[in-house]
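Next come the chains, spelled out residue by residue.
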Amino acid sequence: MQIKSSVAIAGMLAFATATSAFAETITVATVNNGDMIRMQGLTEEFTAKTGHKVEWVTLEENVLRQRVTQDVAAKGGQFDVMTIGMYETPIWAKQGWLLSLNDLPASYDIDDILPAMRGGLSLDGQLYAAPFYGESSMIMYRTDLMSKAGLEMPDAPTWDFVADAARKMTDKDNEIYGICLRGKAGWGENMAFLTATANSFGARWFDEDWKPQFDSPEWKTTLTFYLDLMTDAGPPGASTNGFNENLSLFQQGKCGMWIDATVAASFVTNPKDSTVADKVSFALAPDTGMGKRGNWLWAWALAIPAGTQKEAAAKEFIQWATSKDYLALVASKEGWANVPPGSRKSLYENPDYAKVPFAKMTLDSINSADPTNPTVKPVPYIGVQFVAIPEFAGIATQVGQEFSAALAGQQTADEALAKAQALTAEEMEAAGY
Amino acid sequence: MATQQSRSAARIMLAPAVILLLGWMLVPLTMTLYFSFKKYLPLRGGDLGWAGFDNYVRFVTSSAFWPSIQSTLIIVIGVLLITVVLGVLLAQLLDQPMWGQGIVRILVIAPFFVMPTVSALVWKNMFMDPVNGLLAHLWKFFGAQPVEWLSDAPLFSIIMIVSWQWLPFATLILLTAIQSLDSEQLEAAEMDGAPVLARFGYIVLPHLSRAIAIVILIQTIFLLSIFAEIFVTTGGAFGTRTLTYLIFQRVLESQNVGLGSAGGVYAIVLANIVAYFLMRIVGKNLDA
Amino acid sequence: MAKSFTNQRMIINTVVAWGIGLLIFFPILWTILTSFKTEAQAINDPPLFLGFDWTLENYSIVQERSDYMRFLMNSVIIAGGSTLLGIVIAIPAAWSMAFVPSRRTKDILLWMLSTKMLPAVGVLYPIYLLFIKFGLLDTRLGLVIVMMLINLPIIVWMLYTYFREIPVEILEAARMDGASLREELIYVLTPMAIPGIASTVLLNFILAWNEAFWTLNLTAAKAAPLTAFIASYSSPEGLFYAKLSAASTMAIAPILILGWFSQKQLVRGLTFGAVK
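Residues numbered from 1 in each chain as written. Chains lettered and ligands numbered in written order. Predicted model: local features only at pLDDT ≥ 70, side-chain atom pairs only at ≥ 80, totals over all residues.

K.L.:
Even after reading the chapter, I still don't get the overall build of chain C, so can you show me in this structure?
P.N.:
The helix and strand inventory of chain C stands at 14 helices and zero strands. On C-alpha atoms alone, chain C measures out to a radius of gyration of 23 Å, which is more than a quarter above the 19 Å that the 2.2 N^0.38 rule sets for 276 residues. Seen along its three principal axes, the alpha-carbon backbone of chain C occupies a region of about 75 × 70 × 30 Å. Burial statistics for chain C: of 276 residues in total, 53% are counted as buried. Considering only intrachain contacts with a sequence separation of at least 6, the fraction spanning at least 24 residues in chain C is 81%. (Helix = DSSP H or I, 4+ residues; strand = E, 2+ residues; numbered from the N terminus. Rg over C-alpha atoms; globule rule 2.2 N^0.38 Å. Buried ≥ 20, exposed ≤ 12 C-beta atoms within 10 Å, placed from the backbone. Contact = placed C-beta atoms within 7 Å.)

Here is the structure:
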């Protein structure tokens, strides 16, 4: 038995070396989101093409963040490719922790990457992480419930319309909740949504002197509006609902509207998982007429930590996973609606993809987000639903816990804002601003 | 009685365990102490020089500090109370003659084999979820409004989950202790007409005091450091941030190693205070 | 008369105990049942207890995504290795404390236990740096060492309380017959203490198996045990109760089965000296 298996391994090794002169095994850390799981399932295609093998470390988002941050900061070198976001990329690149991807070959067509994504993943003109998929946020709503409420959703609604519609759609006896929004504490959970929403109400995290702004009337309007709306038209337990919980509720037909990541569109319209697949339509995230919409900009991207021994293989992997060919490969197996969206211009120019119901709304949403100029008033930071400074994740998670507690009815909006203001000021002072 | 020779042999035999544990304690402790006096921010370039006692001051003056001590104590004491009280009752029950005793015992100890992450995930999603959870269905069945467990009663929910995991352990130790009770003594008391409660209070409980002390000691050691249950269920929101969790937030979420290390030192001090009192109580019961 | 009274009591005892036992076991039973449902049936309203179409689909999805056997092997090696190593180091220590006690024995024992109170999160950074330095990250060896150190105090304590119940005369008799210390330990003490050692091994195997902080933070792909396996199923997108249940069942099944088969051995020695 043992002899057999070692012969088999030797055979496999021989085969692997035959396909490529530099066959390596790389370790890739990634999130357990649907698109990444699909990529994991297609690993064999990559191995067949390049000879390199891939060992996957697939973790839930919070655990993954903690693991990769710890590893890159301590220079543990456990991963050759890491899945990181638009928030981490510029900060880590500035520390010299990431390898530049500007030297990818011409066939990769780096200029095909959507400008919004490329901008958010670059530092000083160098691309440090290649977008696997990009997203903004938009409204997903139930057409049947909307017409039952006697309303028609405009392509670009206001918050007042959304609030009104949500209240009219709500039917708590039948477990229909007008609107599902994130409430689970975390900088990438409720704070992503609330920060983007606050932008549309004219609020900002910091003024030009890095003074926290939670004591401003704009934040108070934002938070009060959100709390009132969720109390009237939100699902029970909203303060522990994140992206996944809301997705599951929407797929079960319990939400009238859901404002969240554009990537969710392919899950809610997929009849295999969604009970409401044929009754969903899309609209831009709401505004208040101040010129900014409440939608964010995000990309999950692949980056190579500096110090990896397997740079060449890692680059080959990133090239493969974020290429046009990969999109075509997924389309050939799962259909165009299931390709990772929001990363390449050519995808949106593709007539086959244009038939996908959410393609245009996704692109419009992505294009309407401006990380360098996120809100009405000027700000010293970059980022729509985050602030691209290292302290942000820690601060925003704590602020998110205060807002989440307010949503759970444990404190008022004023108390939550006062605590948020105090702890942000405290942390910013500690960081030396 | 022990000879000089066996004494020195004993010392040599004890040495590996002691040296290993001493290293396991001292090396990380020294490094933690070192970091705690540093301004050490990996995301800002790492070591930014000495910070004196800044980290220590900042950690205790932070608005999150005292609430975190409070929730740590509530969770530890709550779980101890539930597991010891229910454990004594359950052990009494399992000691009675019945059919299928072995199978009942297997059912009761099963939760102890479940890893904390799994039990937190299962409780959170499949039982405490206010829409799809089984408890919500149960509440609705009786016409009540489902409880939003993790936001309305967060500490209680966590105490329940953790108690479920540790009740088997307490029950088992207490059961072995009850089984060693001299049944003649109990029968004699029964003959004398002592009521059930008196028999329990004057004979069973004193007999169990030693076992209870041991349950408290061992569980406290594990409970002070519970992490997965909070990480999975509330992520530290709604006042469930324990000291351990606060340190986790400082070190890993905020990537402030200096501040987190200062917190670690506080946690070590707290643990040792608790340990000291526990040892005094349990030590008396431990005739070493 | 007396007999019917006992019978009546038996029935009440049995009913109450079974009721409570099933209640305590129910979350595990529910998880196992849910793992055989489809995702839609898993969230059915009202909940389905037995009347559903049993399917193995979830298990095949989970297996397809992650190579269960590899995680399982790592769990077995890490939990088993750390426990055995701990036993080898603890037997001499427990011997010396039990049979050649000194004034400081009790203090040493309690000090050992207090090292367990070191908050893991607080020392993660130092340990991580040490692991990098010694190339132990993502190795089974590294985790075996850490898990052994974490459980060593418990192992020493359990063995110590067990050894104390062994009459010292037997060891002395062996010594009279010319047995060396090594022989005394291996051929006389250890066989006599088998029940105690067995329950120590079992308890610490369980503790090491379920430890989720170090095992998750110090591994990546190669040495990741089942605790890491479960971390990739904790909140996937969309409906996931059935898949989560399948993954959970896979993660706890081996230890559950081991625990059930060996519960007699586990219980017998699990006294920590509480019985006197």
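K.L.:
I keep staring at the overall build of chain B and nothing clicks. Help me out?
P.N.:
Helix and strand counts for chain B stand at 13 helices and two strands. Its C-alpha atoms give chain B principal-axis dimensions of roughly 75 × 75 × 30 Å. Looking at chain B residue by residue over its 288 residues, the buried ones come to 51%. Sequence separation of 24 or more characterises 70% of the internal contacts of chain B that already satisfy a separation of 6 or more.

K.L.:
Would you mind going over the interface of chain A and chain C with me for this structure?
P.N.:
Size of an interface: often given as the accessible area lost when the parts come together. Taken residue by residue, the interface counts 26 residues in chain A and 19 residues in chain C. Only α2 (34-41), β2 (53-59), α4 (61-74) and α11 (243-251) of chain A provide two or more residues apiece to the side of chain A that touches chain C. When residues of the side of chain A that touches chain C are assigned to their parent elements, the largest contribution, five residues, is made by β2 of chain A. The residue inventory of the side of chain A that touches chain C, partitioned by class, reads nine nonpolar, 13 polar and four charged. (Nonpolar A, V, L, I, M, F, W, Y, C, P; charged D, E, K, R; others polar.)

K.L.:
Honestly, the interface of chain C and chain B in this entry has me stumped. Any pointers?
P.N.:
Contact residues are listed per partner, giving 80 residues for chain C and 81 residues for chain B. At 16 residues, helix α1 (residues 2-34) of chain C tops the list of elements feeding residues into the side of chain C that touches chain B. Its residues assigned to classes, the side of chain C that touches chain B comprises 58 nonpolar, 18 polar and four charged.

K.L.:
Please clarify how unusual backbone geometry should be interpreted in this entry.
P.N.:
The phi angle of most residues is negative, glycine excepted, and most peptide bonds adopt the trans form. Residue D45 of chain C is joined to P46 of chain C through a cis peptide bond whose omega torsion reads 5°. If you trace the backbone, P46 of chain C turns up in the loop between α2 (39-42) and α3 (57-65). Despite not being glycine, W210 of chain A has its phi angle at roughly 60°, a positive value. With respect to the helices and strands, W210 of chain A occurs in the loop between α9 (190-200) and α10 (217-233).

K.L.:
Any chance you could explain the domain arrangement of chain C here in plain terms?
P.N.:
When the domains of chain C are assigned, the result is domain 1 (2-59) and domain 2 (68-236 + 251-269). Placing the centre of domain 1 of chain C and that of domain 2 of chain C at their C-alpha centroids yields a distance of 34 Å. (Domains from an automatic or database assignment.)

K.L.:
Can you help me understand the packing of helix α8 (residues 168-176) of chain C against helix α9 (residues 181-192) of chain C in this one?
P.N.:
Packed helices, taken two at a time, are described by the angle their axes make and the gap between the axes. Residues and elements named next belong to chain C. Viewed as axis vectors pointing N to C, α8 and α9 meet at an angle of 135°, and their least axial separation amounts to 10 Å. Relative to α9, α8 is oriented oblique. Pair α8 / α9 crosses with right-handed handedness. Seen from α8, the contacting residues are I170, L171, A174 and R175; seen from α9, they are E184, V188 and L189. Split into classes, the residues belonging to the contact of α8 with α9 amount to five nonpolar, no polar and two charged. (Axes fitted to C-alpha atoms, helices over the stretch in contact; angles between N-to-C directions. Parallel < 35°, antiparallel > 145°, perpendicular 65-115°, else oblique. Left-handed = near helix turned anticlockwise from the far one by under 90°.)

K.L.:
Could you clarify how one ought to interpret the environment of V63 of chain A in this entry?
P.N.:
Turning to its location among the elements, V63 of chain A is positioned in helix α4. The sequence separation of V63 of chain A and W205 of chain A amounts to 142 residues, and the corresponding C-alpha distance is 26 Å. In contact with V63 of chain A, other than residues within four places in its own chain, are L216 and A231 of chain C.

K.L.:
I keep staring at the confidence of the model for chain C and nothing clicks. Help me out?
P.N.:
Any region with low pLDDT has predicted coordinates that should not be read closely. Residue and element names in this part refer to chain C. Residues with a pLDDT of 70 or more make up 95% of chain C, whose mean pLDDT is 88. The least confident element of chain C, judged by mean pLDDT, is helix α14 (residues 263-269) at 77; the most confident is helix α4 (residues 68-99) at 94. Both confidence scores are given for the complex: pTM 0.90, ipTM 0.90. (pLDDT = per-residue confidence, 0-100.)

K.L.:
Before we go on, may I ask you to explain the nonpolar core in this structure?
P.N.:
The nonpolar side chains of soluble globular proteins are, as a tendency, buried together. Residues M140 and F317 of chain A, I173 of chain B together with A90, A94, V156 and L159 of chain C are the most contacted members of the largest nonpolar core, which totals 320 residues. The greatest single-element share of this core, amounting to 17 residues, is contributed by helix α7 (residues 140-163) of chain C. Each residue touching A94 of chain C, except ones within four places of it in the same chain, is listed here: V156, L159, Y160 and F163 of chain C. (Core = buried A, V, L, I, M, F, W, Y, C linked by C-beta atoms within 7 Å.)

K.L.:
Would you explain the environment of I77 of chain B in this entry?
P.N.:
Residue and element names in this part refer to chain B. On the secondary structure map, I77 appears in helix α3 (residues 65-95). Assessed through the 13 C-beta atoms surrounding it within 10 Å, I77 is described here as partly exposed. C-alpha of I77 to C-alpha of T220: the two residues are 143 residues apart in sequence and 8.6 Å apart in space.

K.L.:
What should I look at first to understand the packing of helix α5 (residues 116-127) of chain B against helix α13 (residues 241-261) of chain C in this one?
P.N.:
Packing of α5 of chain B against α13 of chain C brings their axes to within 10 Å, and their N-to-C directions diverge by 155°. Taken together, the axis directions place α5 of chain B and α13 of chain C in an arrangement best described as roughly antiparallel. The handedness of the crossing between α5 of chain B and α13 of chain C comes out as left-handed. Facing V118, L121, V122, N125 and M126 of chain B of α5 of chain B, the residues of α13 of chain C in contact are Y241, L244, S248, A251 and I252 of chain C. Per-class residue counts for the contact of α5 of chain B with α13 of chain C are eight nonpolar, two polar and no charged.

K.L.:
Hey, could you run me through α4 of chain C in this one?
P.N.:
Each α-helix turn comprises 3.6 residues. Residues three or four places apart therefore point the same way. Taking 1.5 Å as the rise per residue, α4 of chain C with 32 residues should run 46 Å; its terminal C-alpha atoms sit 45 Å apart, in good agreement. If you look at α4 of chain C, its biggest bend is around 35°, right at A90 of chain C, and the proline P92 of chain C turns up within four residues after that. (Expected span 1.5 Å × (residues − 1). Bend = angle between axes of the 7 residues up to and from the residue.)

K.L.:
Help me understand the pairing of strand β2 (residues 46-50) of chain B, please; the structure alone is not making it clear to me.
P.N.:
A regular strand carries its side chains on alternate faces of the sheet. Residue and element names in this part refer to chain B. The sheet contact formed by strand β1 (residues 38-41) and β2 spans three bridges and is antiparallel. Looking at the pairing, K38 lines up with W50 of β2. Connecting β1 to the antiparallel partner β2 that follows it, the hairpin turn spans four residues, and G45 within it adopts a positive phi of roughly 110°. (Pairing = 2+ DSSP bridges.)

K.L.:
Is there a simple way to explain the confidence of the model for chain B in this structure?
P.N.:
Of all residues in chain B, 97% attain a pLDDT of 70 or more, and the chain-wide mean is 88. Taken element by element, chain B is modelled with least confidence in helix α9 (residues 183-191) of chain B, mean pLDDT 79, and with most confidence in α3 of chain B, mean pLDDT 95.

K.L.:
What am I meant to see in the environment of A406 of chain A here?
P.N.:
Within the secondary structure, A406 of chain A sits in helix α18 (residues 392-407). Separated by 11 residues in sequence, A406 of chain A and L417 of chain A place their C-alpha atoms 9.4 Å apart.

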